[in-house]
Structure formats: C-alpha cells, structure tokens
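Residue strings, one per chain:
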Amino acid sequence: MSLNYLAFAIPSFFIFVFIEYKVAQHQKKANVFKYQSTVANFSIGIAERVLNLFLAASFYEIYDWVYRNYALFDISTAWYVWILILLATDFVWYWYHRLGHEINFLWAAHIVHHQSEEFNLSAAARITTFQAVFRNVFWCVLPFIGFHPTMIISILLVHGAYSFFTHTQLIGKLGWLENVLITPSLHGVHHASDEKYLDKNYGDVFVFWDKIFGTFQKEEEPPKYGLTHPLKSYSFLWQHFHYYLEIGEAFKRAQGFKAKWNALFGSPALMDQNIRPILERKFRQNKVKQKSIPRFKSYLNIQLIAIVALLTGLTLYFNFMSLVDQLVIVFFILITLINIGALLEQRKWIYYLECFRLILIFAYLFYNLGIFSFVIFPIAILIILERTISLSKIYNKYVFAFQKYK
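Just so you know, these numbers come straight off a predicted model, no measurement behind them.

A. Quick look at the overall build of the protein chain. In terms of regular secondary structure, the protein chain is built from 18 helices and zero strands. By the compact-globule yardstick of 22 Å for 406 residues, the protein chain fits well, its C-alpha radius of gyration being 23 Å. The principal-axis extent of the C-alpha atoms belonging to the protein chain is close to 70 × 55 × 50 Å. A burial count over the protein chain gives 48% of its 406 residues as buried. In the protein chain, the share of contacts with a sequence separation of at least 24, taken over all contacts with a separation of at least 6, comes to 77%. As displayed, the protein chain has an accessible area near 20,900 Å², and 68% of this comes from carbon and sulfur atoms. Of the side chains in the protein chain, 37 bear a positive and 26 a negative charge, and the two mean positions are spaced by 11 Å.

In structure tokens, the structure reads:
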C-alpha cells in the first residue's frame, strides 16, 4: 500500500480558484464569482471526488480487462503514440460530450455541469459520479483499440487538467490558437444558454472535431451562462437528481412505446418544459434565489474548509483505512454537503440534520472506543436541551436570518 499523492490536487484546485478570484478583483470583475453558486460548485466537485475514491481503481481494472481480452491491435508505447492517444481521447470525448447533450438519460448526468450561471474555475468542479461512470464507459473504446491502460490513465489526467483551465472568463480570445485548441472563450460558448451558442464546441482540447462535424462557434456577443431554464435551487440533492425526476415524470406521462423511449433516450430539447415547474413546487424547490446573509457565511465556510481537509486526508491515506472508517468519513462528508445546500436554501429542517450529524460523530467515536452503547447519552442530552431551552430556536436564531432577506 502507498499514499495517494493525487490528494494534493484537491488543495491545488482551491488555490487556483482563489488566485482567479483575486485576479478578478484586481480586474474589477468580482461579479464573475457569486457566493452561493461557488459554494454549490464546490459541493458538487467534493461529492464526485469522495465517491470516486471507490471507483477510480475499478476504472483501470476495466481498461486492463478490455485491453487483455479484446484489444484489436497491439499498439506500442513509443513517444509518438502519446500524440495519437491524445487525439483519440479527445475524439472519444467529443462524441461522449455531444451525446451527453443529445440523449436525455446521458444529459441527466451532464446537466449538473451546466447549472452554474457563473463561468469560472469553480464551475469545472461540477462533475457528478454518474457522469464519471458514463464517460469511462465511453473511454473503454481506447483499450479496445489497443492503447495500454497506463497510457490511457495518464493522458486522461492531462486531458482533465487542461479542461480545468478553460473554465474562466479572465482569459480573452487567443487569436490563431482558437483555430487549434479549445480556449476559455470557446468553452465559454459551450456553457452559454444563448440560442446561437446552444450545442456548440463539444471538444475538450482540440477544435478539429467541432469543425469537422459542424458544431464549431466562435464567441461573438458576451455569453449568458447556465441553463436555458435556470434552476431555482442550490440544494445539493436537487441539483444532482432533478433531471432524473423529470425523465421519470415524462416517462410516466408518455403514451406508447415510442413516447416512453423518447422520454429516456430522446433529445432534451423535446422535454416538456412544464414538468420542471411542477416538480419544483412538489418538492419545494421553487424559491426565488436570494443574496447570501453574512451571518451564516462563517459557519458555512468552516464546514466547507473542514470537509475539504477531511477529503484531502481521506484521499491521501485511503489505502491504509478500514472499510468502516472510509464509509463513515464518506457518509459524514455527504451529510455535510447536504447540510451546506440546506443552509444556502435556509431550510428549517437543517436543525434535525445537524443533530443527526452530531450523533454520528459521537457514535463513530464511541464505536472506536468500544463503548457504542454510550451513544444514548448525546441523544438524551439533545432531547433534554430541546425540551428545556428550545435548542432548535436558538440554533435558528444564530444561523438563519429570514427577516433580512431583500
């Protein structure tokens, strides 16, 4: 077993976002960042990173299995093959990415990446575990052709690093490079909701594929970022699952095999736009987005910093931990992300989630000390505090400030 040094990519990501934020301030473009949206972006990325810890090794194993059993060619690992695999990887990405916009079931996983109405480096974190799984299925084409799994993993890391830096507004057009590479300007077009920019620039590194297949578009008017029908929620769970619920509702309404097939595998452009507002009301996700309240920012920031530190440590020492330790930490991180989303949404039920999270900490501590039955004491203390001093009201008073909404 060895340390997973990819853990240091996590704090590096936040350092780059911080640098971008400071540069934006210097350039008087601080509006490139909005607090709630940036936190929501971080939350999505943290969830993907923590769940990916259980999946990353399996991706290599799948590539290796396909390579050993089904490779069509025995491609060498010579230096020039790295250029070939880079082009092949980007070509596969183009079609995965394009189909992710054209097929409902795949769009449900990819839509999360486009929900942010701000376009900055933090938006690059909006990758879900569902999306990671789907795109790795597509990348199985590479070992099937005959590229070695080690080369594939290496080039995917480079590929991902490059695409991270295309999520920024602080770098303008780059002249002739835009005829070769996907630049921040060109990728910003892809994230736009303007009609002329929809379904354009699917490439991740190179523009060749978009030009060949007729999906290339230069930036002309400044883009309006986000979805054509923006979400009205920063809820961690809603952002992940709303489109699956929409597909489910469309499938239930559909009459006949063809209509049901289209609900699952048809174009998102054909989705009934009346479904989302109905589901938003049903699940109480139709709140008007409000400005964040300074009173709870420090409390939220502390939670965010804590789980980033926890995620970094978990990633670094993952191979040395027991399964119980891994699962408890992952569960705690996910609960905290739901908690952060509820805090941004100012949901009153967050108090009960806080109590559950506190009990989870004590339960884990007592379990490791061999006195798990003692968990009854923090539960009893919380009940007594609620009955005697109305702990929930005190909590809401200091964490929420509903009356200060503007």
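What follows picks up the thread again.
B. Structural context of the confidence of the model for the protein chain. Chain-level statistics for the protein chain give a pLDDT mean of 90 and a share of 96% at 70 or above. Taking the mean pLDDT of every element in the protein chain, the minimum, 85, falls on helix α18 (residues 391-399) and the maximum, 96, on helix α7 (residues 141-145). The low-confidence segment residues 402-406, where pLDDT is below 50, has eight contacts with residues more than four positions distant or belonging to other chains.

C. Region of interest: helix α15 (residues 323-345). With 23 residues, α15 extends 33 Å between its outermost C-alpha atoms, agreeing within 8% with the 33 Å of an ideal straight helix rising 1.5 Å per residue. Of all 23 residues making up α15, 17 are buried, and the element is well covered by its neighbours. Glutamine 346 lies just past α15 and shows a positive phi near 60°.

D. Representation of the packing of aromatic side chains within the structure. Overall, the coordinates contain 38 aromatic pairs when judged by the stated rule. Ring centres of phenylalanine 208 and tryptophan 209 lie 6.1 Å apart, and the angle between their planes is 85°; this geometry places the pair in the edge-to-face category. Tryptophan 209 sits in the buried class, given a relative accessible area of 14%. Taken together, the aromatic side chains of Phe91, Tyr94, Trp95, Tyr202, Phe206, Phe208, Trp209 and Phe213 make up a single cluster linked through ring pairs. One Lys or Arg, lysine 260, reaches over the ring of phenylalanine 251 and ends 4.5 Å from the middle of that ring.

E. Structural view of the pattern of salt bridges. Scanning all chains against the criterion turns up 12 salt bridges. Between arginine 98 and glutamate 102 there is a salt bridge, with its nearest N and O atoms 2.9 Å apart. With arginine 98 and glutamate 102 both in helix α4 (residues 79-102), this residue pair falls four residues apart, about one helical turn. With relative accessibility at 17%, the residue arginine 98 sits in the buried group. Two residues, arginine 347 and glutamate 345, come together in a salt bridge whose shortest N-O distance is 3.2 Å. Taking the relative accessible area as the measure of exposure, arginine 347 reaches 13% and is therefore buried.

F. A look at the nonpolar core. With 62 residues, the main nonpolar core has Ile46, Leu300 and Ile333 as its most contacted residues. At 10 residues, α15 tops the list of elements feeding residues into this core. Not counting the four nearest positions on each side in its chain, isoleucine 333 is found in contact with Ile46, Val50, Ile307, Leu310 and Leu311. Counting residues in hydrophobic clusters, the runner-up holds 17 residues, among them Val81, Ile85, Ile155 and Leu156.

G. Representation of the side chain of asparagine 104 in the model. Residue position: asparagine 104 is located in helix α5 (residues 104-110). Accessibility expressed as a relative area gives 2% for asparagine 104, which makes it buried. Those residues in contact with asparagine 104 that sit more than four places away from it in its chain are Tyr243, Ile247, Asn262, Ala263, Leu264, Phe265, Gly266, Ser267, Pro268 and Met271.

H. Structural detail: a nonpolar patch on the surface. On the surface, a cluster of nonpolar side chains totalling about 530 Å² of accessible area is made up of Ile15, Phe16, Phe18, Ile19, Val23 and Phe165. Within the element layout of this structure, phenylalanine 16 appears in helix α1 (residues 9-26).

I. Representation of the packing of helix α3 (residues 56-70) against helix α8 (residues 149-164). Direction vectors running N to C along α3 and α8 enclose 140°, while the axes themselves pass 9 Å from each other. The pairing of α3 with α8 is recorded here as oblique in orientation. Considering how the two elements wind past one another, α3 and α8 form a crossing that is right-handed. Taking contact as the criterion, the partners of Tyr60, Tyr63, Asp64 and Tyr67 in α3 are, on α8, Pro149, Thr150, Ile152, Ile153 and Leu156. For the contact of α3 with α8, the residue count by class is seven nonpolar, one polar and one charged.

J. Geometry of α1. An ideal rise of 1.5 Å per residue puts 26 Å on 18 residues; α1 measures up with 26 Å between its terminal C-alpha atoms. Downstream of α1 by one or two residues, lysine 28 has phi in the positive range, about 60°.

K. Examining the environment of tryptophan 261 more closely. When you line up the elements, tryptophan 261 lands in helix α12 (residues 257-265). Judged by its relative accessible area of 45%, tryptophan 261 falls in the partly exposed class. With 257 residues separating them along the chain, tryptophan 261 and asparagine 4 place their C-alpha atoms 43 Å apart.

What counts as what
- Residues numbered from 1 in each chain as written.
- Predicted model: local features only at pLDDT ≥ 70, side-chain atom pairs only at ≥ 80, totals over all residues.
- Heavy atoms only, no water.
- Helix = DSSP H or I, 4+ residues; strand = E, 2+ residues; numbered from the N terminus.
- Rg over C-alpha atoms; globule rule 2.2 N^0.38 Å.
- Buried < 20%, exposed > 50% of the residue type's maximum accessible area, 1.4 Å probe, protein only.
- Contact = heavy atoms within 4.5 Å.
- Areas by Shrake-Rupley, 256 points an atom, 1.4 Å probe, with all protein chains shown as cover.
- Lys, Arg positive; Asp, Glu negative; His and termini not counted.
- Charge placed at Lys NZ, Arg CZ, Asp CG, Glu CD.
- pLDDT = per-residue confidence, 0-100.
- Expected span 1.5 Å × (residues − 1).
- Phe/Tyr/Trp six-rings, centres within 6.5 Å; stacked < 30°, edge-to-face > 60°.
- Lys NZ or Arg CZ within 6 Å of the ring centre and 35° of its normal.
- Salt bridge = Lys/Arg side-chain N within 4 Å of Asp/Glu carboxyl O.
- Core = buried A, V, L, I, M, F, W, Y, C linked by side-chain atoms within 4.5 Å.
- Patch = residues over 30% accessible without salt bridge, like charges linked within 9 Å, V, L, I, M, F, W, Y side chains within 5 Å.
- Axes fitted to C-alpha atoms, helices over the stretch in contact; angles between N-to-C directions.
- Parallel < 35°, antiparallel > 145°, perpendicular 65-115°, else oblique.
- Left-handed = near helix turned anticlockwise from the far one by under 90°.
- Nonpolar A, V, L, I, M, F, W, Y, C, P; charged D, E, K, R; others polar.

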